[in-house]
Amino acid sequence: MTKLFNTYRVLALVVGVLLVIGTIGSVLKYLLEDGSGLQQFGDDLTPIWLVHGWIYMVYVAVAFVLTQKARWTLPQFGLMMIAGLIPGLIFWVERRVADRLREEHPELVTS
């Protein structure tokens, strides 16, 4: 089960980083003057959202399996899903999930 736990952690961090980069890109793209270098850079970051979306779907599937194995409630799973949509939140949630799994289900964390 260690692979599931490690996969979740990696996916959470990748989704979080892509979300932050995508958000910065959108701010640059839509809030700066058209034609400026930073606005163009923000426009160039637009494909990050496509990558984030695909990886987020894999994250959702892995998080669902992990919550089922841990026998957690639907609200816990919901928090994990929302965390992948709000910039920065996923880093806090990933830490809480990891700590809770280590405490309640050490068999899912270590081999």
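One structure accompanies this document, and this report is about it.

Quick notes on the rules
Residues numbered from 1 in each chain as written. Predicted model: local features only at pLDDT ≥ 70, side-chain atom pairs only at ≥ 80, totals over all residues. Heavy atoms only, no water. Phe/Tyr/Trp six-rings, centres within 6.5 Å; stacked < 30°, edge-to-face > 60°. Lys NZ or Arg CZ within 6 Å of the ring centre and 35° of its normal. Core = buried A, V, L, I, M, F, W, Y, C linked by side-chain atoms within 4.5 Å. Buried < 20%, exposed > 50% of the residue type's maximum accessible area, 1.4 Å probe, protein only. Helix = DSSP H or I, 4+ residues; strand = E, 2+ residues; numbered from the N terminus. Contact = heavy atoms within 4.5 Å. Salt bridge = Lys/Arg side-chain N within 4 Å of Asp/Glu carboxyl O.

1. What about the packing of aromatic side chains?
And then number 1: By the definition in use, this model includes three aromatic pairs.
And then number 2: Through pairs of rings, three or more aromatic residues link up here, namely Y8, Y56 and Y59.
And then number 3: Directly above the ring of W72 sits R100, whose terminal nitrogen or CZ lies 4.4 Å from the centroid.

2. Some points on the nonpolar core
And then number 1: Y8, Y59, M80, M81, V97 and L101 are the most contacted members of the largest nonpolar core, which totals 24 residues.
And then number 2: If you list the elements that add at least two residues to this core, you get α1 (2-31), α3 (48-70), α4 (74-83), α5 (89-104) and α6 (106-109).
And then number 3: Apart from residues no more than four positions distant in its own chain, V97 is found in contact with Y8, L66, W72, Q76 and M80.

3. Observations regarding the pattern of salt bridges
And then number 1: Across all of its chains, the model carries four salt bridges by this definition.
And then number 2: E94 serves as the salt-bridge partner of R9, at 2.4 Å between the closest nitrogen and oxygen. Taken together, the residues R9 in helix α1 and E94 in helix α5 connect sequence positions 85 residues apart.
And then number 3: Looking at E94, the relative accessible area reads 5%, which means it is buried.

In short, shape yes, function no, at least from these values alone.
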